[in-house]
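Notes for the structure review
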Amino acid sequence: VWIFGYGSLVWRPGFEFTSRKVGFIRGYSRRFWQGDTFHRGSERMPGRVVTLLEDCGACTWGVAYEVCGEQIAASLQYLNMREAVLGGYDTKLVKFHPQEKDAEEPILALVYIATPQNPSYLGPASEEDIAAQIIVSSGCAGHNIEYLLRLADFMRYFCPQAEDKHLFSIEEALISILPCLYYTEDSLEET
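Residues numbered from 1 in each chain as written. Predicted model: local features only at pLDDT ≥ 70, side-chain atom pairs only at ≥ 80, totals over all residues. Heavy atoms only, no water.

**Side note on helix α1 (residues 70-85)**
- For α1, built from 16 residues, the straight-helix expectation of 22 Å at 1.5 Å per residue is met to within 8% by its first-to-last C-alpha distance of 22 Å.
- Inspection of α1 places Gln 71, Ser 75, Leu 79, Arg 82 and Glu 83 among the buried residues, and these make up the whole buried set.
- Structurally, α1 contributes buried residues whose contacts are with β1 (2-5), β3 (47-66), β4 (89-98) and β5 (107-114). (Helix = DSSP H or I, 4+ residues; strand = E, 2+ residues; numbered from the N terminus. Expected span 1.5 Å × (residues − 1). Buried < 20%, exposed > 50% of the residue type's maximum accessible area, 1.4 Å probe, protein only. Contact = heavy atoms within 4.5 Å.)

In structure tokens form, the structure reads like this:
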């Protein structure tokens, strides 16, 4: 069984696997449209994490993990709690295309997608508004800023040929807002 990750699963799968491959799926765009009140946010300040939006001309890069034998039940139990129960994600089967030049046919992989029908779904917002929400959100897995920056780093280092305008626009908006947060009363009095 193969499992495709396109958010935090690319750097922190949280389950044992036999092998992993970087690659993409077609027909979906990655969007920071899912709210998170557990891993990267709280009830008071929900974080923003990614989901997939059907988009016939797009492709989303990530990592597919192969799980075998006893790993299958353990990984699916873990992911169902992490993604479905706590996150509001549904599962689908997709065709995963490995990045390797000598890659065989596409691989069928399981993917978790948050739909607009789940209670944590936040939907679209401007890149600046998403960045502002990410800056103030933190949950049990860490700060929401870390989530955004690690995902951007993954794309930059493992998929440099791929474009993800939404992701990089939010990263750029976040970086432009951060210096504004460092002003203190003392620094304001000096000016």
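Picking up after the structure, the text goes on.
**Some details on the nonpolar core**
- In this structure, Phe 32 and Ile 134 are the most contacted members of the largest nonpolar core, which totals 50 residues.
- Those elements giving two or more residues to this core turn out to be β1, β2 (19-36), β3, β4, β5, α2 (127-135), α3 (144-158) and α4 (165-177).
- With residues up to four places along the chain from it excluded, the contact list for Phe 32 reads Arg 48, Val 49, Val 50, Ile 130, Ile 134, Tyr 147, Leu 148, Leu 151, His 166, Leu 167 and Ile 170. (Core = buried A, V, L, I, M, F, W, Y, C linked by side-chain atoms within 4.5 Å.)

**Let's talk about the pairing of β5**
- Counting buried positions along β5 gives 7 out of 8 residues, so the element sits mostly inside the fold.
- For β1 and β5, the ladder comprises 2 bridges, and the chain directions are parallel. In the sheet register, Phe 4 faces β5, and the bridge partner there is Val 111.
- Two strands pair when backbone bridges link them, and β4 and β5 are joined in this way by 8 bridges, in the antiparallel orientation. The residue bridging Lys 95 from the neighbouring strand is Leu 108, located in β5. (Pairing = 2+ DSSP bridges.)

**Side note on the packing of aromatic side chains**
- Per the stated rule, a full pass over the model turns up 10 aromatic pairs.
- Their ring planes at 70° and their centres at 5.6 Å tell us that Trp 11 and Tyr 147 sit as a pair that is edge-to-face. Here Trp 11, found in the loop between β1 and β2, pairs with Tyr 147, found in helix α3; they are 136 residues apart in sequence, far enough to count as distant.
- Taking relative accessible area as the criterion, Tyr 147 reaches 4% and is therefore assigned buried. (Phe/Tyr/Trp six-rings, centres within 6.5 Å; stacked < 30°, edge-to-face > 60°.)

**As for the sheet that holds β3**
- As summarised here, the arrangement of the 5 strands in space is β1-β3-β2-β4-β5, forming a closed barrel in which the pairing is mixed. Adjacent strand axes in the sheet meet at a mean angle of 50°, parallel and antiparallel pairs treated alike.
- As paired elements, β2 and β3 share 15 bridges and run antiparallel to each other. Of the residues in β3, the one forming a bridge with Arg 26 is Cys 59.
- In the packing of α1 onto the sheet, contacts are made with β1, β3, β4 and β5, and the angle to β5 comes to roughly 25°.
- Against the sheet, α2 makes contact with β2 and β3, and its axis sits at roughly 25° relative to β3, the strand it touches most. (Axes fitted to C-alpha atoms, helices over the stretch in contact; angles between N-to-C directions.)

**Looking at the side chain of Ser 29**
- Residue placement: Ser 29 occurs in strand β2.
- You can call Ser 29 buried: its relative accessible area is 7%.
- A polar side-chain atom of Ser 29 sits 2.5 Å from a polar atom in the side chain of Asp 55.
- Not counting residues within four places of it along the chain, the set of residues in contact with Ser 29 comprises Thr 51, Leu 52, Leu 53, Asp 55, Ala 58 and Thr 60. (Polar contact = N/O pair within 3.5 Å; in protein donor to acceptor, adjacent residues only side chain to side chain.)

**Section: the pattern of salt bridges**
- Applying the stated criterion across every chain yields a total of 8 salt bridges.
- The shortest N-O distance in the salt bridge between Arg 82 and Glu 83 comes to 3.1 Å.
- On the basis of relative accessible area, Glu 83 is assigned to the buried category, the value being 10%.
- Glu 171 is the salt-bridge partner of Arg 156, the closest N and O atoms lying 2.5 Å from each other. One end of the pair, Arg 156, is in helix α3; the other, Glu 171, is in helix α4, and 15 residues separate them in sequence.
- We classify Arg 156 as partly exposed; its relative accessible area is 35%.
- Residues joined by salt bridges that share partners form a network here, namely Arg 40, Glu 146 and Arg 150. (Salt bridge = Lys/Arg side-chain N within 4 Å of Asp/Glu carboxyl O.)

**Re α4**
- With 13 residues, α4 extends 18 Å from end C-alpha to end C-alpha; this agrees with the ideal 18 Å at 1.5 Å per step.
- If you check which residues of α4 are buried, you get His 166, Leu 167, Ile 170, Glu 171, Ala 173 and Leu 174. Projected onto a plane normal to the axis of α4, the buried residues spread over an arc of 165° and lie on a single side. Along α4, the residues that are exposed and aim more than 90 degrees away from the buried face are Lys 165, Glu 172 and Ser 176.
- Looking at the buried side of α4, the elements it contacts are β2, α2 and α3. (Arc of directions from axis to C-beta.)

It is worth stressing that arrangement in space is one thing and function is another; only the former is reported here.
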